[in-house]
Amino acid sequence: MNESDAIDPSRRDALVFGRDLLLGGAAARWAGPSPAQAATANDPQAPVTVKLTLRVNGTAKSLALDTRTTLLDALREHLHLTGTKKGCDHGQCGACTVIAGGRRINACLSLAVMHDGDEITTIEGLGAPGHLHPMQAAFVRHDAYQCGYCTPGQICSSVAMLEELRRGIPSHAGADVAAAPTATPDELRERMSGNICRCGAYSNIIDAIGEVAGVRT
Amino acid sequence: MKPFTYERATSTAQAAARAASVPGAKFVAGGTNLLDLMKIEIETPAHLIDVNGLDLAKIEPTPDGGLRVGALVRNTDLAADARVRRDYPVLARALLAGASPQLRNRATTAGNLLQRTRCPYFYDPDQPCNKREPGSGCAALAGYRRMHAIVGTSDACIAAHPSDMAVAMRVLDAQVETIRADGTTRSLPLADLHRLPGSTPHLETTLDAGELVTAVVLPPPPGGVHVYRKVRDRASYAFALVSVALVRQADGSGRVALGGVAPKPWRSEEAERALASDPQAVVDGLLKDARTSPDNAFKLTLARRTLDAAIADARSSR
Ligand SMILES: Cc1cc2nc3c(=O)[nH]c(=O)nc-3n(C[C@H](O)[C@H](O)[C@H](O)COP(=O)(O)OP(=O)(O)OC[C@H]3O[C@@H](n4cnc5c(N)ncnc54)[C@H](O)[C@@H]3O)c2cc1C
Ligand code: SF4
Ligand code: FES
Ligand code: FES
């Protein structure tokens, strides 16, 4: 096996990572590139490492990760972007919300390897002290947090949420699902229901989002 | 999480063949259910076949005026499709009543149909569960079962199917298209996809080993007024206690399916013939074999009232 065989992240086809390659099994004949480092052939329970590239906040980051690594752990533990938070690790709280390929998702319920080549935006990529994103600035102005743990997820989620509204994606709050949605307080609340705030800062959160959306909440 | 090898599927036929031949292989689509279960080692695939690269993300008209929804169409995109919103609003509404926007952005059509139960004992490896570990017993039968099913259950398992989308697809008479490991394709009614638990609750669908869902086909629009009414413990981001998918025609006749009460979307074409004359008879028919406990007997009343409320919604929206 050739360790220097780079895996082209733009190749969406015929990638196999795993023990079969070492074994020279069907998969090796069927597919091309080699795994970065495969498990020992006689231990089916050994970790499997893959190489992948994430485009995080505009910069390509090459990583060699255990296949089990979630996108959340790749960001936090491997790229040290700790703005994205781990609340529940089970899709139930929204603290891990990032924008992947233009869509907000729960980074805890996605594998990093499934995002090879994807464009990921985290809270660090939205803005930083000195050049805050308008949503970050609004959260500060409205004191839209107490402990702040849910805040990065709330902000990433709300930025993507306003884009979803702009694109006309409907929500459960709309009376007529066929009609184009409008930004109303009820719409904003329903659309932010995937982000839980343990401190209950909801009223200020909705005020901050409402200000950016141009809605009185 | 147990270690696993990983590959990207390159064609539907190849994916199905690989899934049947590689020991411990499983498909992953959005991953929002499978990964959740892998973290607590209730699912322990040795090999993941990532189907996301397959060309199954389109929504296309069928020759007879229906719609073919690719297995990889995200829940958000299906709910946002103009044809679905206009012609099958019960489906758009059911999708939007499920999970959260973040989850719907990842969750796929096939993954949603094949998501596993939310029975809390199934999620707890320290509890006996016939679905997780055949023959170990059912902790829910002696436990707290407020969320559990009341019809279609067995002495081995009383788990409910959690999908909202599937309830709407059932009321729309959807067909599921698949490809099998030998490359043959078939189409089966959604009604036949999920099994009742009987004595084998670990067998949840009628799919063969390696069989890949490629699409869900909606027959031509049924017309009428569409309602999806979901009752849950909080206003959003919670599973259904009871839900009603209703397609009601101007003369009061129509179709009804219930969610939250059974191991699969629950519909009776025979019972719903009474819809125009006696809506409560529809619920009587649907729930005639119900077996409840003090924890979940409220679902009998809730189902009646939710159907009433759905009919009132349908009346007022004309
Ligand atoms: C906190 C939370 C709340 C939720 N609330 C709701 C709710 O209110 N209502 C609701 O309906 N759902 C709810 N869900 C569930 C959610 O809808 C499902 O997790 C999602 O639809 C699964 O789709 P997926 O593509 O991510 O599936 P995956 O997790 O990728 O796969 C699920 C299963 O389907 C199999 N599979 C996937 N694609 C195929 C295919 N093409 N052919 C054959 N098999 C395949 C996989 O092998 C796996 O067994 C919730 C989930 C969470 C985490
Ligand atoms: S109801 Fe079914 S899933 Fe729940 S514990 Fe019993 S056997 Fe397991
Ligand atoms: S950490 Fe991902 S949803 Fe809670
Ligand atoms: S500010 Fe503490 S969880 Fe939201």
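Residues numbered from 1 in each chain as written. Chains lettered and ligands numbered in written order. Predicted model: local features only at pLDDT ≥ 70, side-chain atom pairs only at ≥ 80, totals over all residues. Heavy atoms only, no water.

You'll find chain B entered in an unreviewed UniProt entry as Xanthine dehydrogenase YagS FAD-binding subunit, with Dokdonella fugitiva given as the organism.

In the nomenclature of an unreviewed UniProt entry, chain A is known as Xanthine dehydrogenase YagT iron-sulfur-binding subunit of Dokdonella fugitiva.

Asks: Looking at this model, I keep getting lost on the overall build of chain B. Mind explaining?
Replies: Broken down by element type, chain B carries 10 helices and 11 strands. Compactness check: chain B gives a C-alpha radius of gyration of 19 Å against a globular reference of 20 Å for 318 residues, within 12% of the reference. Each of the three principal axes of chain B carries a C-alpha extent, and together these read 55 × 50 × 30 Å. Expressed as a percentage of the 318 residues in chain B, the buried residues total 60%. When the 40 basic and 34 acidic side-chain charges of chain B are each reduced to a single mean position, those positions are 4 Å apart. (Helix = DSSP H or I, 4+ residues; strand = E, 2+ residues; numbered from the N terminus. Rg over C-alpha atoms; globule rule 2.2 N^0.38 Å. Buried < 20%, exposed > 50% of the residue type's maximum accessible area, 1.4 Å probe, protein only. Lys, Arg positive; Asp, Glu negative; His and termini not counted. Charge placed at Lys NZ, Arg CZ, Asp CG, Glu CD.)

Asks: What exactly am I supposed to notice about the overall build of chain A here?
Replies: Each helix and strand counted, chain A has 8 helices and 6 strands in total. Secondary structure elements in chain A, listed N-terminal to C-terminal, are β-α-α-β-β-α-β-β-β-α-α-α-α-α. When the 217 residues of chain A are sorted by exposure, 53% land in the buried category.

Asks: What is the right way to read the site of ligand 1 from this model?
Replies: Close contacts around ligand 1 come from 36 residues, with B:Phe27, B:Gly31, B:Thr32, B:Leu34 and B:Thr108 the closest. Each of chains A and B places residues next to ligand 1. B:Asn33 is positioned such that a nitrogen or oxygen atom in its backbone is 2.9 Å from an oxygen atom of ligand 1. At 2.9 Å from an oxygen atom of ligand 1 is found a side-chain nitrogen or oxygen belonging to B:Lys230. Compared with its free state, where it exposes 990 Å², ligand 1 has 96% of that area covered by protein. (Near = heavy atom within 4 Å. Polar contact = N/O pair within 3.5 Å; in protein donor to acceptor, adjacent residues only side chain to side chain. Areas by Shrake-Rupley, 256 points an atom, 1.4 Å probe, with all protein chains shown as cover.)

Asks: Hey, could you run me through the sheet that holds strand β11 (residues 254-259) of chain B in this one?
Replies: Pairing between the strands of a sheet comes from backbone hydrogen bonds, and it takes one of two forms, parallel or antiparallel. Residue and element names in this part refer to chain B. Judged by pairing direction, the sheet is antiparallel, and its 3 strands sit side by side in the order β9-β10-β11 without closing on themselves. Of all strands in the sheet, those with a lone pairing partner are β9 (225-231) and β11, marking the two edges. Averaged over all adjacent pairs, the angle separating strand axes in this sheet is 10 degrees, with direction ignored. Strand direction decides the pairing type here: β9 and strand β10 (residues 242-248), joined by 7 bridges, are antiparallel. Bridge assignment links Arg-229 to a residue of β10, and that residue is Val-244. Most of the contacts of helix α5 (residues 89-96) go to β9, to which it runs at about 20 degrees, and overall it touches β9 and β10. (Pairing = 2+ DSSP bridges. Axes fitted to C-alpha atoms, helices over the stretch in contact; angles between N-to-C directions. Contact = heavy atoms within 4.5 Å.)

Asks: Could you clarify how one ought to interpret the confidence of the model for chain A in this entry?
Replies: Low-pLDDT portions of the prediction should not be read for the details of their coordinates. Mean pLDDT over chain A: 86, with 80% of residues reaching 70 or higher. Here residues 1-40 of chain A is modelled with pLDDT under 50, and outside its nearest four sequence neighbours on either side it reaches 88 contacts, counting other chains as well. (pLDDT = per-residue confidence, 0-100.)

Asks: Looking at this structure, how should I read the domain arrangement of chain A?
Replies: How big an interface is tends to be expressed through the accessible area that disappears when the partners come together. Residues and elements named next belong to chain A. Considered domain by domain, chain A is made up of domain 1 (47-126) and domain 2 (134-213). Distance from the C-alpha centre of domain 1 to the C-alpha centre of domain 2: 22 Å. Tallying the contact residues gives 15 residues for domain 1 and 17 residues for domain 2. Both sides together, the interface formed by domain 1 and domain 2 hides about 1,400 Å², and carbon and sulfur atoms give 56% of it. Three residues stand out in domain 1 for area buried against domain 2, namely Arg-104, Ile-123 and Leu-126, and they jointly supply 43% of the buried area on that side. Our count for the contact surface shared by domain 1 and domain 2 stands at 1 salt bridge. Taking the shortest distance from any N to any O, the salt bridge between Glu-164 and Arg-104 comes out at 2.7 Å. At the junction of domain 1 with domain 2, the criterion picks out 7 residue pairs in polar contact (both at pLDDT 80 or more). For the side of domain 1 that touches domain 2, the secondary-structure elements that each account for two or more residues are β4 (97-100), β5 (103-106) and α4 (123-126). Among the residues making up the side of domain 1 that touches domain 2, the classes are represented as 5 nonpolar, 6 polar and 4 charged. (Domains from an automatic or database assignment. Buried area = accessible area lost by both parts, 1.4 Å probe. Salt bridge = Lys/Arg side-chain N within 4 Å of Asp/Glu carboxyl O. Nonpolar A, V, L, I, M, F, W, Y, C, P; charged D, E, K, R; others polar.)

Asks: Looking at this structure, I do not really get the sheet that holds strand β3 (residues 59-66) of chain A. What am I missing?
Replies: All names here are of chain A. Across the sheet, which stays open at both edges, the 5 strands sit in the order β3-β2-β6-β4-β5 with mixed pairing between neighbours. For this open sheet the edge positions go to β3 and β5, each flanked by a neighbour on one side alone. Each neighbouring strand pair of the sheet contributes to a mean axis angle of 40 degrees, computed without reference to strand direction. Across 8 bridges, the pairing between strand β2 (residues 49-56) and β3 is antiparallel. Note that in β3 the partner of Lys-51 across the bridge is Ala-64. Those strands touched by helix α6 (residues 151-166) are β4 and β5, and its axis lies near 45 degrees from that of β4.

Asks: What's the story with the pattern of salt bridges in this structure? I'm lost.
Replies: Pairs may arise between side chains of opposite charge once their charged atoms sit close together. Scanning all chains against the criterion turns up 36 salt bridges over all chains. The partner of A:Arg103 in a salt bridge is B:Asp77, with the nearest N and O atoms 2.4 Å apart. Placement of A:Arg103 in strand β5 and of B:Asp77 in helix α3 (residues 75-80) is noted, with the two residues assigned to different chains. When its relative accessible area of 18% is taken as the criterion, A:Arg103 is described as buried. In this structure B:Asp77 comes out as partly exposed when scored by relative accessible area, which is 29%. A salt bridge links B:Asp208 to B:Arg180, with the shortest nitrogen-to-oxygen separation between them at 3.7 Å.

Asks: Before we go on, may I ask you to explain unusual backbone geometry in this structure?
Replies: Both trends apply: most residues other than glycine have a negative phi, and most peptide bonds are in trans. A positive phi is found at A:Asp143, a non-glycine position, where the angle reads about 55 degrees. Residue position: A:Asp143 is located in the loop between α5 (134-141) and α6. If you check the backbone angles, B:Asp173 has positive phi at about 60 degrees while not being a glycine. Structurally, B:Asp173 is set in the loop between α8 (165-171) and β6 (175-179).

Asks: I'm lost on the environment of A:Val48 in this one. Help?
Replies: Residues and elements named next belong to chain A. When you line up the elements, Val-48 lands in the loop between α2 (26-30) and β2. For Val-48, a relative accessible area of 0% corresponds to the buried category. Put simply, Val-48 and Leu-65 are 17 residues apart on the chain and 8.1 Å apart in space, counted from C-alpha to C-alpha.

Asks: Honestly, the UniProt feature "domain: FAD-binding PCMH-type" (unreviewed entry) in chain B in this entry has me stumped. Any pointers?
Replies: On the UniProt side, "domain: FAD-binding PCMH-type" (unreviewed entry) is annotated at positions that read residues 1-223 of chain B here. The straight-line gap between the two end C-alpha atoms of residues 1-223 of chain B is 47 Å; of that span, 24% is helix and 16% is strand. (UniProt positions renumbered as here; feature names shortened; annotations may be inferred.)

Asks: How should the nonpolar core be read in this particular structure?
Replies: For soluble globular proteins, nonpolar side chains are generally found buried alongside one another. If you look at the biggest cluster of nonpolar residues, it comprises 53 residues, and the most contacted ones within it are B:Leu78, B:Leu91, B:Leu113, B:Met169 and B:Leu218. Other than its neighbours up to four places away in sequence, B:Leu91 contacts B:Leu78, B:Val84, B:Met165, B:Ala168, B:Met169, B:Leu172 and B:Leu218. (Core = buried A, V, L, I, M, F, W, Y, C linked by side-chain atoms within 4.5 Å.)

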